[in-house]
Amino acid sequence: MEAANPSGDLSAEMEVDAFRRLFPLRFFDRHLVESIRPDGRPLGRARDTTLALGAVASADGSALAKIGSTTMLAAIKLEVMTPATESPDEGSIAIDFHMPPICSPMVRPGRPAEAAPVISKQLSDTILSSGVINLKELCLISGKAAWMAYLYPEERNNMNLKVDKLWNFMITIVDIYCLDADGALFDAALLSAIAAFSHLEIPVVSLDEDGRVVILSQDEGLKTSNEPVNAEKRKLTLSDIPFSLTCILYKNYILADPTAEEESVMETLITVVLDSSYQLVSLYKPGGSVLAYTSALQDCIALTRHRVQELKKILDEAMSEMEVD
Amino acid sequence: MVMEVDRVDGRTPNQLRPLACSRNVLNRAHGSASWSQGDTKVVAAVYGPKAGTKKGENPEKACIEVIWKTKTGQSGKPEKEYEMILRRTLQSICLLNIHPNTTTSVILQVVNDDGALLPCAINASCAALVDAGIPLKHLAVAISCGVVESGYVILDPSKIEEQKLKALVHLVFPNSVPSVHPKESSRVGDEPKEHGLISSVTHGRMSVDDYLHSLERGHAASAKLSAFLRKNLQSQVPSNA
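Residues numbered from 1 in each chain as written. Chains lettered and ligands numbered in written order. Predicted model: local features only at pLDDT ≥ 70, side-chain atom pairs only at ≥ 80, totals over all residues. Heavy atoms only, no water.

As annotated in an unreviewed UniProt entry, chain B is Exosome complex exonuclease RRP46 homolog from Dillenia turbinata. Looking at chain B in UniProt, the text filed under Sequence similarities (unreviewed entry) is "Belongs to the RNase PH family." (UniProt positions renumbered as here; feature names shortened; annotations may be inferred.)

Chain A appears in an unreviewed UniProt entry as Ribosomal RNA-processing protein 43 from Dillenia turbinata. The UniProt entry for chain A carries the following text under Sequence similarities (unreviewed entry): "Belongs to the RNase PH family."

Below, the structure is given as structure tokens:
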């Protein structure tokens with residue numbers, strides 16, 4: 001024992017908690033040589049993950065994701081918009097990630113957390129470049145001709161003018177709130193966003209007298225004089241869902257799914273996003289004192305592959321539970 | 001080469017755009033540099049080390065602050081992300097223990113963006129840190145690789161090329177240090193140290209093999225960049241001394 005601690009650390013004489021706070025690196029070192037982490041996990045295992053769909057009743061789609069004690073609440077609101085001229089047949093997605101002061105002692109009220117806009121940008125990059133959401137599906141009214149005939153039979157000569165307006169699409173506004181920031185924020189945020197998308201339903205809409213799109217709530221839909229435009233609520237088809245895993249590189253160790261404490265002590269993080277067909281969506285390593293060699297990168301990718309299977313199962317289970325209800 | 005790609009500007013896939021770097025371009029800054037790759041140009045200024053760290057930073061270490069200024073308009077989320085990547089990348093090459101409880105500010109001004117903006121900014125700030133005499137462990141060289149639809153990799157894509165790519169990979173490597181001790185631990189495992197990756201940022205969907213391929217090509221090109229940087233820094237040393 002004496003020989004193992006040439007620096008003469010005080011671990012034998014000190015309470016464990018005090019040692020952990022005073023010498024965090026040495027505390028972790030002593031765990032890592034035993035291939036275990038302070039919370040009892042082996043190095044490559046992620047924390048327990050749970051998903052609850054439909055956590056926010058007033059939103060069109062929502063989900064609560066927990067990875068260990070990291071908690072994320074994602075809610076999606078749909079709004080009708082006119083599409084941008086450069087992509088006239090697509091809807092759009094706006095993603096915002098919030099870190100309110102409730103989530104961590106590092107966040108002060110009034111001063112937005114530094115990490116929030118960065119994670120927000122990463123999330124929109126990941127979701128848009130993975131192609132998980134087909135933006136064309138956000139189209140409310142498909143088939144221009146059918147649509148014209150339906151709405152303006154008497155105004156044939158005015159038609160061209162109105163057609164532009166009739167192309168209405170949904171903009172989906174995704175808000176993700178971090179309720180408890182205990183590490184691996186991006187992973188939890190992405191999981192909650194994806195789960196909220198799989199819970200999302202595009203509502204029934206109709207047109208009022210002025211030709212504007214009105215969203216019908218369920219009971220209203222039956223009473224109104226206006227015929228609904230789309231027959232029933234529909235879900236989005238999610239193809240190639242992206243899942244992510246954050247790992248810490250420390251010496252020769254790779255620690256999957258770090259807690260906030262681990263992130264603060266060992267600062268080299270690497271986030272790998274793979275989709276369900278194992279294509280690489282993102283490999284993100286912003287600096288850090290440990291250099292990543294190809295072998296370490298491949299290990300991280302292998303860990304992520306394993307994690308993708310786990311998360312896919314968790315998402316499927318959450319969705320089938322939802323259908324039973 | 002069987003799968004030859006035609007590039008808009010007639011370069012070969014491995015060819016970088018002309019590099020230019022000049023240091024000490026600003027009078028008041030403690031260190032400054034302008035770096036350009038083709039039409040992409042970034043000016044970096046370094047102020048510091050100044051006393052005190054920002055709130056919440058470790059006072060036992062030096063703190064690095066990065067401010068990113070766009071060419072036009074206000075800075076938004078992308079700029080915040082650039083700042084974070086740059087800060088963490090520069091932190092990893094600086095010797096933070098030498099000036100504890102100080103802050104070094106690195107200010108980047110984008111002069112023109114014609115693709116590979118982030119790598120250009122990293123290279124510029126690295127040259128500016130050297131100019132300011134901030135103690136560094138080693139230099140960092142950044143390169144961007146584009147993966148085209150067929151899986152072929154092109155280096156240092158321009159803005160027009162970036163828009164047509166399947167995926168874009170920005171990589172940052174440490175430069176190769178000619179070691180004084182021939183058997184110094186410049187090799188980790190079976191890979192030389194300069195093959196270690198400091199930062200990696202990717203956009204777009206690709207196969208894992210595509211990524212590993214661009215990593216390999218990035219390594220090869222980073223040697224050229226690192227030689228350019230070294231030559232450039234050496235040529236200016238006597239005039240500064």
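Once the structure has been displayed, the description carries forward.
Looking only at helices and strands, chain B has four helices and eleven strands in total. Counting the 241 residues in chain B, one finds 53% classified as buried. For chain B, the accessible surface area stands at approximately 11000 Å², while carbon and sulfur atoms represent 52% of it. (Helix = DSSP H or I, 4+ residues; strand = E, 2+ residues; numbered from the N terminus. Buried < 20%, exposed > 50% of the residue type's maximum accessible area, 1.4 Å probe, protein only. Areas by Shrake-Rupley, 256 points an atom, 1.4 Å probe, with all protein chains shown as cover.)

Another aspect to go through is a nonpolar patch on the surface. Residues and elements named next belong to chain A. Nonpolar side chains collect at one region of the surface, where Ile-102, Tyr-177 and Leu-179 lie side by side and expose about 290 Å² of accessible area between them. Take Tyr-177: it is sitting in strand β5 (residues 169-180). The class of Tyr-177 is partly exposed, set by a relative accessible area of 36%. (Patch = residues over 30% accessible without salt bridge, like charges linked within 9 Å, V, L, I, M, F, W, Y side chains within 5 Å. Salt bridge = Lys/Arg side-chain N within 4 Å of Asp/Glu carboxyl O.)

For the rest of this paragraph, the subject is the sheet that holds strand β6 (residues 140-147) of chain B. Residue and element names in this part refer to chain B. Spatially, the four strands line up as an open sheet ordered β7-β6-β8-β11, and their pairing is antiparallel. Since the sheet does not close on itself, it has two edges, and those belong to β7 (153-155) and β11 (199-203), each with one partner. Each strand of the sheet is rotated relative to its neighbour by a mean of 20°, with strand direction disregarded. Direction of pairing for strand β8 (residues 167-174) relative to β11: antiparallel, over a ladder of five bridges. Its bridge partner lying in β11, His-170 is registered against Val-201. (Pairing = 2+ DSSP bridges. Axes fitted to C-alpha atoms, helices over the stretch in contact; angles between N-to-C directions.)

Right, let's get into the UniProt feature "domain: Exoribonuclease phosphorolytic" (unreviewed entry) in chain A. The feature "domain: Exoribonuclease phosphorolytic" (unreviewed entry), as given by UniProt, occupies residues 46-203 and 240-292 of chain A in the numbering adopted here. Here residues 240-292 of chain A is 11% helix and 47% strand, with 27 Å between the C-alpha atoms at its ends.

Among the nonpolar cores identified, the biggest contains 133 residues, and Phe-97, Met-99 and Ile-176 of chain A together with Tyr-211 of chain B are the most heavily contacted of them. For Tyr-211 of chain B, the residues in contact, after removing those within four places along its chain, are Leu-280, Leu-283 and Leu-297 of chain A together with Val-169, Leu-171, Leu-197, Ser-200, Thr-202 and Met-206 of chain B. Counting eleven residues, the second-largest nonpolar core is a separate cluster that includes Phe-19, Phe-27, Leu-32 and Met-266 of chain A. (Core = buried A, V, L, I, M, F, W, Y, C linked by side-chain atoms within 4.5 Å. Contact = heavy atoms within 4.5 Å.)

Residue and element names in this part refer to chain B. One way to put it is that helix α1 (residues 77-93) packs onto helix α2 (residues 117-132) with a least axis distance of 11 Å and a crossing angle of 40°. Comparing their axes, α2 and α1 come out oblique. In this structure, α1 meets α2 at a crossing whose hand is right-handed. Touching Tyr-82, Ile-85, Leu-86, Thr-89, Leu-90 and Ile-93 of α1 are Leu-117, Leu-118, Ala-121, Ile-122, Ser-125, Cys-126 and Leu-129, all from α2. Among the residues forming the contact of α1 with α2, the class breakdown is eleven nonpolar, two polar and no charged. (Parallel < 35°, antiparallel > 145°, perpendicular 65-115°, else oblique. Left-handed = near helix turned anticlockwise from the far one by under 90°. Nonpolar A, V, L, I, M, F, W, Y, C, P; charged D, E, K, R; others polar.)

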